[in-house]
Amino acid sequence: MAVSITTLEVGRQIGSATVHVTRQDLVRYAGASGDFNPIHWNRSFAEGVGLPGVIAHGMFTMGAAVQLVTDWAGDPGAVVDYQTRFTKPVVVEDTTAEPGEPGAVVEVAGVIGAIDAELSTARIDLTVTSAGQKVLVKAQAVVRLP
Amino acid sequence: MTIAPDLQGRTYPAGEPYSVGREAIRDFARAVKATHPAHFDVDAAAALGYADLLAPPTFAIIIAQRADAQLITDPDAGIDFTRVVHADQRFVHHRPILAGDQIVAELHVDQVRAMGGGAMITTRAELSTVDDEPVATTTSSILVRGEGQ
């Protein structure tokens with residue numbers, strides 16, 4: 001299912017998604033990305049550098065949040081520009097004693113922020129929160145659409 | 001440690017090419033919970049017009065952070081990597097990244113600003129194929145926290 005630029009309106013929601021995050025997700029992201037900073041898996045190290053606990057890689061949250069956009073666009077290659085600022089860390093609790101429980105929950109919602117008919121692109125503005133706080137700010141993905 | 005005063009404007013040349021593999025794309029897609037079949041199945045990628053598996057939109061961070069590592073681990077730059085926080089990130093894709101690509105990254109230190117006792121450093125990695133085809137421009141700001149911050 002492909003979205004067409006001609007049917008879009010600024011201000012329209014593209015949907016929302018809930019991402020459950022566990023410590024295992026952070027270990028998997030560390031391995032896949034090559035970012036083995038101990039703040040993402042070692043509590044005493046994280047607390048030693050002044051963090052409230054083990055936190056998710058900002059790039060994990062950025063990478064997971066854009067799935068809302070790629071699912072909507074129908075083609076992950078349509079994302080030509082994607083940016084964000086990292087404001088608050090996502091603290092991921094240790095839930096290994098209860099494997100079904102998420103260590104953190106990230107909520108993602110997207111709205112069409114701008115349309116450029118000439119370039120056939122739409123800018124999707126993402127709202128990304130965890131524990132009631134914005135964790136990504138100015139999260140914007142520009143998609144090229146047919 | 002003290003940030004080198006002449007850091008802004010420095011360039012780190014492209015190192016060894018990063019070879020984009022199918023399994024690396026599949027692993028990274030799983031790691032960011034991406035489920036689109038074009039990341040996993042060559043036929044699904046072909047149905048969208050891609051010659052091989054399509055990388056997720058933030059896959060280029062692997063290559064960009066390897067380039068950044070040259071700066072962060074450069075003893076002459078004066079960056080204490082244990083005090084580094086990722087502040088912002090942007091990807092501009094000139095074309096999608098596909099399995100089979102051989103990509104090099106040239107790193108530019110675009111800006112260094114004093115922030116309290118620390119510094120905000122903005123870098124730009126220009127990613128291109130070994131045949132000089134532009135692939136992506138990634139920009140990243142890191143905050144190096146000063147002592148006691």
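This write-up is about the structure you can find in this document. (Residues numbered from 1 in each chain as written. Chains lettered and ligands numbered in written order. Predicted model: local features only at pLDDT ≥ 70, side-chain atom pairs only at ≥ 80, totals over all residues. Heavy atoms only, no water.)

Some details on helix H1 (residues 22-31) of chain B
Considered for burial, the residues of H1(B) that qualify are B:Ile25, B:Arg26, B:Phe28, B:Ala29 and B:Ala31. Directly after H1(B), the chain includes B:Lys33, whose backbone phi takes a positive value near 60 degrees. (Buried < 20%, exposed > 50% of the residue type's maximum accessible area, 1.4 Å probe, protein only. Helix = DSSP H or I, 4+ residues; strand = E, 2+ residues; numbered from the N terminus.)

Things to note about unusual backbone geometry
In this structure, A:Ser120 takes a positive phi of about 55 degrees despite not being glycine. Relative to the helices and strands, A:Ser120 is located in the loop between strand S3 (104-116) and strand S4 (121-130). With a phi angle near 60 degrees, B:Lys33 is a residue other than glycine that sits in the positive phi range. Tracing the backbone shows B:Lys33 in the loop between H1 and helix H2 (42-47). Under the relative-accessibility criterion, B:Lys33 is labelled partly exposed at 33%.

Brief notes about the packing of aromatic side chains
Applying the stated criterion to the full structure yields four aromatic pairs over all chains. On the basis of an interplanar angle of 65 degrees and a centroid distance of 6.2 Å, the ring pair of B:Tyr18 and B:Phe59 is categorised as edge-to-face. Here B:Tyr18, found in strand S2 (residues 18-19), pairs with B:Phe59, found in the loop between H2 and helix H3 (61-72); they are 41 residues apart in sequence, far enough to count as distant. Like B:Phe59, B:Tyr18 is buried. Three or more aromatic residues link up through ring pairs in this structure, and these residues are A:Tyr29, A:Phe60, B:Tyr18, B:Phe28 and B:Phe59. (Phe/Tyr/Trp six-rings, centres within 6.5 Å; stacked < 30°, edge-to-face > 60°.)

Quick word on the nonpolar core
Residues A:Trp72, A:Leu126, B:Leu7 and B:Ile79 are the most contacted members of the largest nonpolar core, which totals 82 residues. In terms of residue count, H3(B) provides more of this core than any other element does, seven residues in total. In this structure, B:Ala38, B:Tyr50, B:Leu54 and B:Leu98 belong to the second largest nonpolar core, which totals five residues. (Core = buried A, V, L, I, M, F, W, Y, C linked by side-chain atoms within 4.5 Å.)

Regarding the interface of chain A and chain B
The interface of chain A with chain B comprises 31 residues on the first partner and 29 residues on the second. At the surface where chain A touches chain B, the tally comes to two salt bridges. As a salt-bridge pair, A:Asp25 and B:Lys33 come within 3.1 Å of each other at their nearest N and O atoms. For the pair chain A and chain B, the interface holds 10 residue pairs in polar contact (both at pLDDT 80 or more). Looking at the side of chain A that touches chain B, the elements that each hand over two or more residues are strand S1 (13-21), helix H1 (23-33), helix H3 (58-65), helix H4 (67-73) and strand S2 (79-86) of chain A. Ranked by residue count, the leading element in the side of chain A that touches chain B is S2(A), at eight residues. A breakdown of the residues in the side of chain A that touches chain B according to their chemical character gives 15 nonpolar, nine polar and seven charged. Of the strand pairs in this sheet, S2(A) and strand S3 (residues 84-93) of chain B are connected by five bridges, and their pairing is antiparallel. (Contact = heavy atoms within 4.5 Å. Salt bridge = Lys/Arg side-chain N within 4 Å of Asp/Glu carboxyl O. Polar contact = N/O pair within 3.5 Å; in protein donor to acceptor, adjacent residues only side chain to side chain. Nonpolar A, V, L, I, M, F, W, Y, C, P; charged D, E, K, R; others polar. Pairing = 2+ DSSP bridges.)

Things to note about H3(A)
With seven of eight residues buried, H3(A) lies mostly within the body of the structure. Listing the buried residues of H3(A) in full gives A:Met59, A:Phe60, A:Thr61, A:Met62, A:Gly63, A:Ala64 and A:Ala65.

As for the pattern of salt bridges
Pairing is possible between side chains that carry opposite charge, provided their charged atoms lie close to one another. All names here are of chain B. For the structure on display, the rule yields 15 salt bridges over all chains. One salt bridge connects Asp52 with Arg22, and the closest N-O pair in it is separated by 2.9 Å. Here the residue Asp52 occupies a position in the loop between H2 and H3, and Arg22 occupies one in helix H1, the gap between them amounting to 30 residues. Judged by relative accessible area, which is 13%, Asp52 ranks as buried. For Glu23, the salt bridge goes to Arg26, with nearest N and O atoms at 2.7 Å. Taken together, the residues span about one helical turn, with Glu23 and Arg26 both in helix H1 at a distance of three residues.

A closer look at the packing of H1(A) against H1(B)
Where H1(A) meets H1(B), the closest approach of the two axes is 9 Å, and the angle between their N-to-C directions is 150 degrees. One way to sum up the angle between H1(A) and H1(B) is to call them roughly antiparallel. The element H1(A) and its partner H1(B) pack so that their crossing is left-handed. Residues A:Arg28, A:Tyr29, A:Ala32 and A:Ser33 of H1(A) lie in contact with H1(B), whose contacting residues are B:Asp27, B:Phe28, B:Arg30 and B:Ala31. Considered class by class, the residues forming the contact of H1(A) with H1(B) number four nonpolar, one polar and three charged. (Axes fitted to C-alpha atoms, helices over the stretch in contact; angles between N-to-C directions. Parallel < 35°, antiparallel > 145°, perpendicular 65-115°, else oblique. Left-handed = near helix turned anticlockwise from the far one by under 90°.)

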